[in-house]
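Notes for the structure review
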Amino acid sequence: MRFLSINAFDYNCHLDLIKLLRQEGELVKLRRARQKMSELFPLTEEIWLDWLKDEIKMASESSEREKVYELFERAVKDYICPEIWLEYAQYSIGGIGQEGGVERVRAVFERALTAVGLHVTKGTALWEAYREFENAILETAQVGGPTSATTTPGTPDQAGSRSSQLEKIHTLFRRQLGIPLLDMEASYAEYEEWSEDPIPETIIKNYKKALQQLEKYKPYEEALLSAETPKLAEYQAYIDFEMKAGDPARIQLIYERALAENCLVPDLWARYNQYLDRQLKVKELVLSAHDRAVRNCPWTVGLWIRYLLAMERHSVDHSTVSEVFEKALNAGFIQATDYVEIWQAYLDYLRRRVDFTQDSSKELEELRSAFARAVEYLKQEVEERFSESGDPSCTIMQNWARVEARLCNNMQKARELWDNIMTKGNAKYANMWLEYYNLERAHGDTQHCRKALHRAVQCTSDYPEHVCEVLLTLERIEGTLEDWDAAVQKTENRLARVNEQRAKAAEKEAALAKLEEEKAEQRKQSRAEKKASKKAKKNRPGDKRKAEDDDEGEWGQEEEAEQPSKRHRGDGDVLPAEEEMEVETGLFGRSAPEKPDHPPNPKEKASTSRKDIPKVLHDSSKDNVTVFVSNLSYSMAEPQLKLRGLFEGCGEVAEVRPVFSNKGTFRGYCYVEFKEEKSALQALGLDRKVVEGRPMFVSPCIDKNKNPDFKCSDNSTTLEKHKLFISGLPFSCTKEELEDVCKAHGNVKDIRLVTNRAGRKPKGLAYVEYENEAQASQAVLKLDGLSIKEHVIKVAISNPPLRRQPDKADAGRAAPFAAPRQLYGARGKGRTQLSMMPRALQRQNQPVAKAENGMVQNSPAASSEPPEEPRKMSNADFARMLLKE
């Protein structure tokens, strides 16, 4: 009960509560719990049957039997279920002794046959039950039962009653044999045995025709029997087959069968409702289907809009339509634009109710009040939830202004609305000004048209030429000479400023492009010089060992350049190992130690180098049998042996190539080459496996020089409607605990808890992936606001932000004057990283260059003389300096 008080839409909590109350025998509370659940959700066949059986046991008096009848009526409206109809008919037989009992049973059976009598696999049971009931009536009549209480055996009245009953049974047999049902051969044989007269030719002809039709249905029924849930493709094929045949009853039945197993698929409900709206057009049937659709998929705005339209078509009472609209606002849509759409649909409905020939009416005031409420609702409720109103172009206010201008002849109100629209950031768009101009042109006056276009020329930034042209056209047709001169002067000045701005932007872009070309040329020249220098060093016998080490360092850099860019930041657990490695190589604020100009001591070098590191370059032709492994611990001992043992379970490992630095330390990544491609594919399944306390990243080996658009991460940067983003989790929440909470609302494919880079400290965030969009949408409704370990979580559809790419323009502009990277790390200088040296001493040892007129004075680069060595200070000198300071 406590969980339901927090989230009343938790479907599984309702089920657990009902199960618990049923076990404890709390009948009154059980009935109340079932009633509450049925108000929120359509109940499945199993839940209804359990409920009905419990109520039947308790119903002894006639008044209680009537309540059970009402419950059956509610049950058959949720879904088309043959078992519930059969249970309904059998229960009604128990009341045959009451007044009108026989007719009531027949009415239930006829409704059941209309609903599911065409069901190919389950319809036969209903037909047989109906015939057994009529046969029982016949036998009762023959032995002088209730039907013959007022007649004397052997009288003409009794004979007529028997003949009438026989005809009813004949009719049932004939109706059934004309329908393609499984085991219809047995029904035909039974009819032959039961009937005293030969079967008419017309019945035999209909029976054979039904047999032929049954052969056409069998492949679709067999496909449904063999398919796994949800069977959407099989049902859709069956629906297409029935649509070609064109029998409305059979089309309705196959849709209902599909929806009974796929009640959370909005598209299926939409197609079914569209068929009912356009083809059958039966009020009760259409409105019932729309109501069930929005109860099953309340998060789908399209179903609510169709429901409102259907109610308007069938002239439903206005209060009922308004009530449905209020339910739609509380349905929990997943996008801000959904609220704009539902408001627009409701406003259209209200506008169609207004008689605009009258100056004022109740309907018109209600329409204006609804427009004002819609604008306020989007500004307050929607913007607070989604950080946007969903209506940046103010379409609702535009429509309101059009209604006021065209239908109410109230241009003053329309102008006020357009002024409000322009103040919301739309004044820079030419199309917005032209919309207003056209409205003024049609329903206003020339003075306001001219005023609007002059403002448009001044404010428009996207297509100013178009606005200027419209202004000149207006003055050419209707303006005076003074108006024309003013328009020409204003448009010329505006276009001159625009052209000047465009020219500056083009020059700036050209300069940046040229700068980029120069940088690329410098990098190319630097690489060529480096390569030549390396070749020269290699040819010197005394530096053979040093050349080998240089080659080794270059090979490590090549390996690092070839590694795939595996990032998990948008939707993953931790930062990738590649980013960690870049931290070590100077890309994130730490500079690599500079190489000394003089050759190192051979003994010193031998102690710090790793002699047994093989120089092995990666062969790109073996990418299909190789995986790239990263985010490994730098302190891993014997990574080659460790990783070989780890990956041998995926297949035979040909080679493990760990990458080491020049000093021989492991760099946290390597290549694992297999004998077969299927082994490499299987190895990808080890991605994010925890190795020595860190999540290991395993990705395909792809040369990004040949495939620049390749991304080894499967994380999306767009809206993922089948995936949820959960925040506010307790740090102690485990993956298993979260899975237990989420799997109650659908099939969970994957759960990723967001942690720090090392994969050890959780951040209270998680991504949960469901099988489909419907399950994820349902889970959002049920999980958002749920309390887990006294933490209220927030749940939303995953919509990772786009990765911010560095602005090339900014980068190019700042490059010539960029200061060298500081050695403070990736996050800059911390508060505690203070210098403990006196400032006076700093000024002596580190003279600060001063800039005058943009030039740096007294800098080492500007002076050809070497800097003067600071004088060594004694303790006495140091004390005097401090006292003076």
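Throughout, a residue's number is its position along its own chain's written sequence, starting from 1. pLDDT decides what is reported in this predicted model: residues at 70 or higher carry local features, side-chain atom pairs at 80 or more are listed and counted, and totals for whole chains, interfaces and linings draw on all residues regardless. For side-chain calculations, the full set of non-hydrogen atoms in the structure is used, while hydrogens and water are omitted.

What about a negative patch on the surface?
A surface patch of like charges, here negative, comprises Glu128, Glu132, Asp183 and Glu185. Counting from the N terminus, the helices are DSSP H or I runs at least four residues long and the strands are E runs at least two residues long. Within the element layout of this structure, Asp183 appears in the loop between α9 (156-177) and α10 (184-194). Between buried and exposed lies partly exposed: a residue is buried under 20% and exposed over 50% of the maximum accessible area for its type, with that area taken using a 1.4 Å probe on protein chains only. Classification of Asp183 by relative accessible area gives exposed; the value is 55%. Patch membership requires over 30% relative accessible area and the absence of a salt bridge. Like charges are linked within 9 Å, and nonpolar side chains (Val, Leu, Ile, Met, Phe, Trp, Tyr) within 5 Å. Here the accessible surface of atoms and residues is derived via Shrake-Rupley with a 1.4 Å probe, and residues count as covered only by protein chains that are part of the display. Within this document, salt bridges are pairs made up of a side-chain nitrogen of Lys or Arg and a carboxyl oxygen of Asp or Glu, the two lying within 4 Å of each other. The positive count covers Lys and Arg only, the negative count covers Asp and Glu only, and His and the chain ends enter neither. Where a charge lies is defined by one atom per residue type: Lys uses NZ, Arg uses CZ, Asp uses CG and Glu uses CD.

Structural notes on helix α3 (residues 27-40)
Helix span, as expected, comes to 1.5 Å for every residue beyond the first. A rise of 1.5 Å per residue sets the reference length of α3, with its 14 residues, at 20 Å; its end C-alpha atoms lie 20 Å apart and thus fit the reference within 8%. Three or more residues of α3 are buried, namely Leu30, Ala33, Arg34, Met37 and Ser38. End-on, the buried residues of α3 take up no more than an arc of 135°, which puts them together on one face. The exposed set on the far side of α3, more than 90 degrees from its buried face, consists of Val28 and Arg32. Contacts between residues were defined by any pair of non-hydrogen atoms, one from each residue, lying within 4.5 Å. Where α3 is buried, its residues contact α2 (11-24), α4 (45-58), α5 (62-78) and α15 (283-296). Arc, as used here, means the arc of the directions from the helix axis to the C-beta atoms.

Notes on the sheet that holds strand β2 (residues 653-660)
By definition, two strands form a pair when at least two bridges between them are found by DSSP. Spatial strand order, β2-β3-β1-β5-β4: 5 strands in an open sheet with antiparallel pairing. Every other strand in the sheet has two partners, leaving β2 and β4 (689-691) as the edge strands with one partner each. Across the sheet, the mean angle separating the axes of adjacent strands is 30° when strand polarity is ignored. Bridge analysis of β4 against strand β5 (residues 694-700) gives 3 bridges, and the strand direction is antiparallel. Bridging across to β5, Lys689 finds its partner in Met696. Sheet strands touched by helix α29 (residues 639-647): β1 (626-630), β2, β3 (666-674), β4 and β5. Its angle to β2, the strand with the most contacts, is close to 140°. For helices, the axis comes from a line fit to the C-alpha atoms of the stretch in contact; other axes are also lines fit to C-alpha atoms, and the angle between any two N-to-C directions lies between 0 and 180 degrees.

Points about unusual backbone geometry
That bond from Thr229 to Pro230 is cis: its omega, 15°, falls within 30 degrees of zero. One can find Pro230 in the loop between α11 (201-226) and α12 (232-245). Notably, Ser315 is not glycine yet its phi reads approximately 55°, a positive angle. If you trace the backbone, Ser315 turns up in the loop between α16 (301-313) and α17 (318-329).

Comments concerning helix α23 (residues 446-459)
The first and last C-alpha atoms of α23 sit 20 Å apart over 14 residues, in line with the 20 Å expected at 1.5 Å per residue. All of the buried residues in α23 are Cys449, Arg450, Ala452, Leu453, His454, Ala456 and Val457. Summarising the contacts, the buried residues of α23 are in contact with α22 (430-443), α24 (464-478) and α25 (481-538). Here a polar contact is taken to be a pair of N or O atoms separated by no more than 3.5 Å, where protein atoms must pair a possible hydrogen donor with a possible acceptor and residues adjacent in sequence count only if both atoms sit in side chains. Looking at where α23 begins, the residue whose side-chain oxygen comes 3.3 Å from the main-chain nitrogen of Gln447 is Asp445.

Let's talk about the packing of α4 against helix α6 (residues 82-93)
Two numbers describe how α4 lies on α6: the axes approach to 10 Å, and their chain directions differ by 15°. With respect to each other, α4 and α6 are oriented roughly parallel. As α4 packs across α6, the resulting crossing turns out to be left-handed. Counted together, Glu45, Trp48, Leu49, Leu52 and Ile56 of α4 and Glu83, Ile84, Glu87 and Tyr91 of α6 form the full contact between these two elements. Each angle gets one of four labels, with under 35 degrees taken as roughly parallel, over 145 as roughly antiparallel, 65 to 115 as roughly perpendicular, and the rest as oblique. Crossings are assigned a handedness: left-handed for a near helix turned anticlockwise from the far helix by less than a right angle, right-handed for a clockwise turn.

Some thoughts on the pairing of strand β8 (residues 762-770)
Judged from the 5 bridges that link them, strand β6 (residues 720-727) and β8 form a sheet pairing that is antiparallel. Looking at β8, one finds that Ser727 is bridged to Leu765.

Overview of the nonpolar core
For the purposes of this section, nonpolar cores are sets of buried Ala, Val, Leu, Ile, Met, Phe, Trp, Tyr and Cys residues that join through side-chain atoms within 4.5 Å. In terms of nonpolar packing, the biggest core is built from 108 residues, with Ile342 and Trp343 touching the most fellow members. The greatest single-element share of this core, amounting to 10 residues, is contributed by helix α18 (residues 336-353). Ignoring sequence-local partners within four residues, the contact set of Trp343 consists of Phe325, Leu329, Ala370, Arg373, Ala374, Tyr377, Leu378 and Ile396. Counting residues in hydrophobic clusters, the runner-up holds 47 residues, among them Trp51, Ala115, Trp127 and Ile179.

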